[in-house]
Amino acid sequence: MRRGRQLAWAALLAVLGGTGCMFLEESPDPSQLVCRADTDCAHNEVCFPDGCGDPGRDIVVEVTPNPDDGLHAQDFRVEAIRPELDLALFGPATVQGSTVRVTSAPGEGGTTTRPYSEPLRLSASGESALLPGVVRSFTAHLVPINGRWELPVGTGTYTVTLSPEDLGLPPVRGSATVEPGGAVPLPLVLPSPHQVARLEGQVVRQGAELVDADLEVQALDADLTPLSQRVPVARATGAFALALPVEAAQRASLLLRVTAAGAPWVPQKTFTVDPREPLTAPLELGDAGEPVQVSGRILARDGQPVAQASVSLRGTVGGGGTFQGPLAVTDAEGRFTVQTLPSAPGSRLSLVVVPPSGSTAGLTVQAVDVPRGGAVLPDVVCPERRILRGTLLQTDNTQPAPGVRVLAEPIGQVPGWPRPPAGGESLGTTDDTGSFRLWLDPGIYRVDFIPTENLPRVSRVVTVQPGDDTGEQVLATFPLQRGRTVRGTVTEAGQAAPYASVRFYRVANLEGRPSSVLLSQTVSDHLGRYTALLPVR
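About the thresholds
Numbering of residues begins from 1 in every chain and follows the order in which that chain's sequence is written. Totals for whole chains, interfaces and linings use all residues, but because this is a predicted model, local features are given only for residues with pLDDT of at least 70 and pairs of side-chain atoms are given and counted only at 80 or more. Just so you know, side-chain values use all the structure's heavy atoms and leave hydrogens and water out. Going along the chain from the N terminus, every DSSP run of H or I of four or more residues is numbered as a helix, and every run of E of two or more is numbered as a strand. Burial classes follow relative accessibility: with a 1.4 Å probe on protein chains only, a residue under 20% of its type's maximum area counts as buried, one over 50% as exposed, and anything between as partly exposed. Contacts between residues were defined by any pair of non-hydrogen atoms, one from each residue, lying within 4.5 Å. For every accessible area listed, the method is Shrake-Rupley and the probe measures 1.4 Å; residues are considered covered only by the protein chains on display. The disulfide criterion is simple: two cysteine sulfur atoms within 2.5 Å. What is meant by a nonpolar core is a set of buried Ala, Val, Leu, Ile, Met, Phe, Trp, Tyr and Cys residues, joined one to another through side-chain atoms within 4.5 Å. Salt bridge, as used here, is a side-chain nitrogen of Lys or Arg placed within 4 Å of a carboxyl oxygen of Asp or Glu. The criterion for strand pairing is that DSSP finds at least two bridges linking the strands in question. Working convention: axes come from line fits to C-alpha atoms, limited for helices to the stretch in contact. Angles between N-to-C directions cover 0 to 180 degrees. In summary, the pairing rule links any two rings of Phe, Tyr or Trp, Trp by its six-membered ring, whose centres are within 6.5 Å, and it sorts them by plane angle into stacked for under 30 degrees, edge-to-face for over 60 and tilted for everything else. Distance and chemistry together define a polar contact, namely a pair of N or O atoms within 3.5 Å, with one atom able to donate a hydrogen and the other to accept it when in protein, and with adjacent residues in sequence counting only for side-chain atoms on both sides. pLDDT measures the predictor's confidence residue by residue and takes values from 0 up to 100.

Peer 1: An account of the overall build of the chain is requested, with residue identities and associated values reported.
Peer 2: What the chain contains, in helices and strands, is 2 helices and 41 strands. C-alpha atoms of the chain, sized along the principal axes, occupy 75 × 65 × 45 Å. By the burial criterion, 48% of the 537 residues in the chain qualify as buried. Considering only contacts within the chain whose residues lie at least 6 apart along the sequence, 64% involve residues at least 24 apart. Element-wise, carbon and sulfur atoms account for 50% of the exposed surface of the chain, whose accessible area totals about 24800 Å².

Peer 1: Residues and numbers for the state of the cysteines, please.
Peer 2: A disulfide bridge is the covalent bond that connects two cysteines by way of their sulfur atoms. The full count for this structure, using the stated rule, is 2 disulfides. A disulfide bridge connects Cys35 with Cys47, and the sulfur atoms are separated by 2.0 Å. An S-S torsion of about 90° defines the bridge between Cys35 and Cys47 as right-handed. In this pair, Cys35 is assigned in the loop between α1 (2-17) and β1 (46-48) and Cys47 in strand β1, connecting sequence segments 12 residues apart. The class of Cys47 is buried, set by a relative accessible area of 2%. A disulfide bridge connects Cys41 with Cys52, and the sulfur atoms are separated by 2.0 Å. A torsion of -75° about the S-S bond marks the disulfide between Cys41 and Cys52 as left-handed. Pair noted here: Cys41 is in the loop between α1 and β1 and Cys52 is in strand β2 (residues 51-53), with a separation of 11 residues, a long-range link.

Peer 1: Tell me about the nonpolar core, residues and numbers included.
Peer 2: Core analysis: the biggest nonpolar cluster contains 26 residues, and Val203, Leu215, Phe240 and Leu256 have the highest contact counts within it. Taken together, the elements giving at least two residues each to this core come down to β14 (196-204), β15 (215-220), β17 (239-245), α2 (246-249), β18 (254-260) and β19 (269-273). The residues contacting Val203, other than those within four sequence positions of it, are Leu210, Leu215, Val217, Val233, Gly238, Phe240, Val258, Leu283 and Leu285. Of all hydrophobic cores here, the second largest spans 25 residues; its members include Ala288, Leu313, Phe323 and Ala375.

Peer 1: Lay out the pattern of salt bridges in plain terms, naming residues and giving numbers.
Peer 2: Throughout the structure, instances matching the rule amount to 21 salt bridges. With a shortest N-O distance of 2.8 Å, Glu62 and Arg136 are connected by a salt bridge. Here the residue Glu62 occupies a position in strand β3 (residues 59-64), and Arg136 occupies one in strand β9 (residues 135-142), the gap between them amounting to 74 residues. The buried category is assigned to Glu62, whose relative accessible area is 8%. In the salt-bridge network here, residues are joined through shared partners; they are Glu409, Arg446, Asp448 and Arg457.

Peer 1: Help me get a handle on the pairing of β9, residues and values and all.
Peer 2: In β9, alternate side chains face the same way, and those of Arg136, Phe138, Ala140 and Leu142 are buried while those of Val135, Ser137, Thr139 and His141 on the opposite face are not. Across 8 bridges, strand β8 (residues 120-127) lies against β9 in antiparallel orientation. Paired with Ser123 across the strands is Thr139, a residue of β9.

Peer 1: Give a description of unusual backbone geometry that names residues and reports values.
Peer 2: Peptide bonds are mostly trans, and most non-glycine residues show a negative phi. Positive phi is not limited to glycine here, since Asn146 has a value of about 55°. Inspection of the secondary structure assignment puts Asn146 in the loop between β9 and β10 (148-153). Of note in the backbone geometry, Tyr499 takes a positive phi value of approximately 55° without being a glycine. As for its position among the elements, Tyr499 is in the loop between β38 (495-496) and β39 (501-510). According to the relative accessible area criterion, Tyr499 is exposed, its value standing at 57%.

Peer 1: Describe in detail the sheet that holds β9, supporting the description with residues and values.
Peer 2: What the 4 strands build is an open sheet, ordered β9-β8-β11-β12; its pairing is antiparallel. Sheet topology places β9 and β12 (172-178) at the edges, where each strand pairs with a single neighbour. Each adjacent strand pair in this sheet contributes to an overall mean axis angle of 20°, direction not counted. In this sheet, strand β11 (residues 156-164) lies alongside β8 in antiparallel orientation, the contact comprising 8 bridges. If you follow Leu120 over to β11, its bridge partner there is Pro164.

Peer 1: I'd like a description of the pairing of strand β25 (residues 335-340), backed by residues and values.
Peer 2: Residues of β25 alternate between two faces, with Phe336, Val338 and Thr340 buried on one and Arg335, Thr337 and Gln339 left unburied on the opposite face. As defined by bridge partners, strand β21 (residues 292-299) adjoins β25 across 6 bridges and the pair is classed as antiparallel. Bridging from a neighbouring strand, Ser295 pairs with Thr337 of β25.

Peer 1: Outline the packing of aromatic side chains, listing residues and values.
Peer 2: The full count for this structure, using the stated rule, is 6 aromatic pairs. Geometrically, the ring pair formed by Trp265 and Phe323 is stacked, given 5.7 Å between the ring centres and 25° between the ring planes. Of the two residues, Trp265 sits in the loop between β18 and β19 while Phe323 sits in strand β23 (residues 322-324), which places them 58 residues apart along the sequence. Clustering of aromatic rings is evident, with ring pairs tying together Phe436, Phe449 and Phe478.

Peer 1: Which residues make up the side chain of Thr330, and what values go with them?
Peer 2: With respect to the helices and strands, the residue Thr330 is situated in the loop between β24 (328-329) and β25. Residue Thr330 is classed as buried on the basis of its relative accessible area of 1%. At 2.8 Å, the side chain of Thr330 and the backbone oxygen of Val306 are in polar contact. Not counting residues up to four positions away in its chain, the partners in contact with Thr330 are Ile298, Val306, Ala307, Gln308, Ala309, Val311, Arg335 and Phe336.

Peer 1: So what about the confidence of the model for the chain? Which residues, and what values?
Peer 2: Summarising the model, the chain shows a mean pLDDT of 88, and 91% of its residues fall at 70 or more. Long-range and interchain partners of residues 1-33, a stretch whose pLDDT sits below 50, account for 47 contacts in this model, where long-range means more than four residues apart.

Right, dumping it as structure tokens:
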């Protein structure tokens, strides 16, 4: 039955997504069609953001000890929550690399290699194997010893990219899934000179005019995976040379991206080329014009100025490149002056306004014309942020719960609307009646309710749709949950692990995708002891 209600809501949400903002006054939040309180669930379940569930199942603990000692996050699946739960860490989790370079040419009677012991850069990007959506990345610059190297990482599944300091070699990649305390071997093979193709070309502004800036060029796949390293462009001639794997050089097309290193007024431009043919024509960035000033005023819907809003311009400029300008901040009267490149003929730039946290004015994206002489824009009126309001009750489901901290963290975006910016959390506190109000931009949020007393945090997932109406979105009233205390000691190699971060998550399906919901977070003391609060029926 619960699954059917979830599917019904998903179908309704799909309809709403295609018709703009359809949330009506007093319309319930999606989670309320699943469960509102623990009393809606079976006797051994509690109400989570994804519906009713056993509070002792689907729990994963993330422990992060001291990264300075090479000990990064370790994840553990908890089969059963007990009042005393000690957490014994394994040793460092590492990728144990071995890198060789092929030295033989084709047809020389077999492949011969030698250990590669030159400087290189490593990049490992991925996510936890047990906590969906928990992203992790690690980088290092090192010199292998007899071709061998070691990269400490948190537990998870990674794509590891090795980029030699020698720009005449393309990057190579491998994948690794690392368990707590695991040392995963990762052999990587750099190609021989016979397995590397060179792609040479020239970058100009237009015609024979060179670009007076430090530029870099990189070859990319259609999905923007690097096929070469980023190589510098000779400033005196505009010449560059890329090293590609032979396979990449035999493709019908690939992308060449030109970026400026430390030159803010040179746009980025991506070219599609055929690597099988010589690049006889230079890559032209085109005439993007000179920097100009754009000024204006940012107002709220009630006509009041919006102070401390960040303002920037981005989009396509002359020559077809893309540009993102520096940020400006509005003054007390809502006025700003920002520098940018002019918009391309027949095109417009996007003016992006991000009002400060706590403002009722909302995120605004507006298309504007920026001629080569600059522009003074008409007043920009921000739409109001949508109001999310609700009431929280004590665990008895009767008395109001005052003083509960409310945090709305953006976790996704709605179609056709930019994701709310990182760090754009909205804060509030329930009043004496247990009520709260938050002003939110369109997006998908995880709303956390964090009591000050000895009770666990409670979460809900809310989708705020864009719209011009001023109707409030209502989260149906629900109670706090009862909590149980879990205590234990964090140890590593039999010794106490002081000041380790300990987080309890529940793995759930939110908005149609696997997600990790934070249930509790704490830090071990100087003796490695921790105390956490988890929900219980």
